[in-house]
2 protein chains.
Amino acid sequence: MNPSRCAACRYLRRRCPPDCIFSPYFPPNNPQRFASIHRIYGASNVAKLLQRLPSHLRTQAADSLYLEAQYRIEDPVYGCVGLISLLQQQIHDVERQLAMTQAEIASRARHPQAVEGNLLNNVGNPSFSNQASSWFM
Amino acid sequence: MNPSRCAACRYLRRRCPPDCIFSPYFPPNNPQRFASIHRIYGASNVAKLLQRLPSHLRTQAADSLYLEAQYRIEDPVYGCVGLISLLQQQIHDVERQLAMTQAEIASRARHPQAVEGNLLNNVGNPSFSNQASSWFM
C-alpha cells in the first residue's frame, strides 16, 4: 500500500495520480471524511462538482459536502434540512420574545405608572436554547 | 413514450416498473425535481437512500434531498451550509438585540429615575431581516 495515497484513492482502491482531484481535500489520515461523502454523493459526483470550481474554492466545497453528508447519514429523512427548520424555529422564537419585550417597553413609556414587575417578567428568563446552533459549530 | 412513466424513468430513458422506487416521489409533470437530484446525488444513491427508509418517510426524504440539491446547484461551494451559517448569524443578532433590551430593562428597574428615552432606543427598530428565513419557506 502506498502511504501517500489520499483517502479517496485508498477507498476506491486505485492509484493516486499527481493531479488527483480528491487528494488536497481528503488526506489519508481522515478516511471517514471521504467514506461519508462517497456514501451520499458517490465519488464521480463529488469529483465533477470539485472540477467545476476554481481551485481556491474547493476546500470550502469539500467541507460543506462533508457536513451535508454527515447530516444525511445521521438523519436520512431530513439531513441538513432538519437543522435549517430548527434554526428557523429558533429565530421565530427569539423574534417573538424580542417583540414582546419591546411592546412592554413601549407600553411602559406610554404609562409610566404601570407596575414595574411587568417589564421584568422577560428579564433573566432565557427561554432560548443554543442547542441547535452549537450542534453545527 | 409511455405517458405514465415517472420523471426519473423518463430521465433515465427506461421502463417504469410497477414497483419503481422513484415513481411516488417524482411525478412526470415535474421533470426538474428529478433532474436536480440526479445531478447532485446520482440516481443510484437516491434509490439506495429511499429503499433504506420505511415508505411513510420517503416523501419527506425526497423533498429534503430535492431542497439540498437545489441549494447545491445554486451555490456549488456552500450549498445548504451557506444558509445554515446565515441563519446562525441571524440568531446571534436577534439574541444580542434581546440581551441589550433586557439589560436596559434591568437597569431601568434598578434606577427608575433613568431617562426613559434610553429604553426606547431599541423599540421600533427592526434590525433583523427575515430574508434568509423566507428563502427557505
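Residues numbered from 1 in each chain as written. Chains lettered and ligands numbered in written order. Predicted model: local features only at pLDDT ≥ 70, side-chain atom pairs only at ≥ 80, totals over all residues. Heavy atoms only, no water.

Per an unreviewed UniProt entry, chain A goes by LOB domain-containing protein and derives from Gossypium tomentosum. Under the UniProt heading Sequence similarities (unreviewed entry), the entry covering chain A gives this text: "Belongs to the LOB domain-containing protein family." (UniProt positions renumbered as here; feature names shortened; annotations may be inferred.)

A. View of the pattern of salt bridges. All names here are of chain A. Counted according to the given criterion, the structure contains six salt bridges over all chains. A salt bridge links Asp-63 to Arg-33, with the shortest nitrogen-to-oxygen separation between them at 2.8 Å. Separated by 30 residues along the polypeptide, Asp-63 in helix 4 (residues 58–74) and Arg-33 in helix 2 (residues 31–41) bring together distant segments of the chain. (Salt bridge = Lys/Arg side-chain N within 4 Å of Asp/Glu carboxyl O. Helix = DSSP H or I, 4+ residues; strand = E, 2+ residues; numbered from the N terminus.)

B. Representation of the domain arrangement of chain A in the model. If you check the domain split of chain A, you get domain 1 (1–74) and domain 2 (78–109). Computed from C-alpha coordinates alone, the two centres of domain 1 of chain A and domain 2 of chain A are separated by 38 Å. (Domains from an automatic or database assignment.)

C. Expanded view of the environment of A:Tyr78. Within the secondary structure layout, A:Tyr78 lies in the loop between helix 4 and helix 5 (79–110). Sequence separation between A:Tyr78 and A:Pro31 is 47 residues; the distance between their C-alpha atoms is 25 Å.

D. Quick look at the nonpolar core. A:Phe22, A:Phe26, A:Tyr41, B:Phe22, B:Phe26 and B:Tyr41 are the most contacted members of the largest nonpolar core, which has 51 residues in total. Within the residue set of this core, elements represented by two or more residues are helix 1 (7–11), helix 2, helix 3 (43–51) and helix 4 of chain A together with helix 1 (7–11), helix 2 (31–40), helix 3 (43–52) and helix 4 (58–74) of chain B. Not counting residues within four places of it along the chain, the set of residues in contact with A:Phe22 comprises A:Cys6, A:Ala8, A:Leu12, A:Arg14, A:Phe34, A:Ala43, A:Val46, A:Ala47 and A:Leu50. Counting residues in each nonpolar core, the second largest holds 12 residues, with A:Ile91, B:Cys80, B:Leu83 and B:Leu87 among its members. (Core = buried A, V, L, I, M, F, W, Y, C linked by side-chain atoms within 4.5 Å. Buried < 20%, exposed > 50% of the residue type's maximum accessible area, 1.4 Å probe, protein only. Contact = heavy atoms within 4.5 Å.)

E. Geometry of the UniProt feature "domain: LOB" (unreviewed entry) in chain A. UniProt's feature table lists "domain: LOB" (unreviewed entry) at residues 4–105 of chain A, given in the numbering used throughout. Each end of residues 4–105 of chain A is marked by a C-alpha atom, and these two atoms are 64 Å apart; helix forms 68% of the span and strand 0%.

F. Region of interest: the packing of aromatic side chains. Scanning the model with the defined rule gives nine aromatic pairs over all chains in all. With centroids separated by 6.1 Å and ring planes inclined at 70°, the aromatic side chains of A:Phe22 and A:Phe26 adopt a geometry described as edge-to-face. Residue A:Phe22 is classed as buried on the basis of its relative accessible area, which comes to 3%. Their ring planes at 70° and their centres at 5.6 Å tell us that B:Tyr11 and B:Phe34 sit as a pair that is edge-to-face. (Phe/Tyr/Trp six-rings, centres within 6.5 Å; stacked < 30°, edge-to-face > 60°.)

G. Representation of the environment of A:Gln32 within the structure. Residues and elements named next belong to chain A. By secondary structure assignment, the location of Gln-32 is in helix 2. On the accessibility criterion, Gln-32 (45% relative accessible area) is partly exposed. With 31 residues separating them along the chain, Gln-32 and Asp-63 place their C-alpha atoms 13 Å apart. Look past the residues within four positions of Gln-32 in its chain and what remains in contact with it is Tyr-66 and Gln-70.

H. Summary view of helix 4 of chain B. With 17 residues, helix 4 of chain B should cover 24 Å at 1.5 Å per step; its first-to-last C-alpha distance of 24 Å lies within 8% of that length. Residues of helix 4 of chain B that are buried include every one of B:Arg58, B:Ala61, B:Ala62, B:Ser64, B:Leu65, B:Glu68, B:Ala69, B:Tyr71 and B:Arg72, and no others. (Expected span 1.5 Å × (residues − 1).)

I. Looking closely at the packing of helix 4 of chain A against helix 4 of chain B. Two numbers describe how helix 4 of chain A lies on helix 4 of chain B: the axes approach to 13 Å, and their chain directions differ by 175°. In terms of orientation, helix 4 of chain A and helix 4 of chain B fall into the roughly antiparallel class. Of helix 4 of chain B, the residues touching helix 4 of chain A (which contributes A:Ala61, A:Ser64, A:Leu65, A:Glu68 and A:Arg72) are B:Ala61, B:Ser64, B:Leu65, B:Glu68 and B:Arg72. Looking at the contact of helix 4 of chain A with helix 4 of chain B residue by residue, the classes come out as four nonpolar, two polar and four charged. (Axes fitted to C-alpha atoms, helices over the stretch in contact; angles between N-to-C directions. Parallel < 35°, antiparallel > 145°, perpendicular 65-115°, else oblique. Nonpolar A, V, L, I, M, F, W, Y, C, P; charged D, E, K, R; others polar.)

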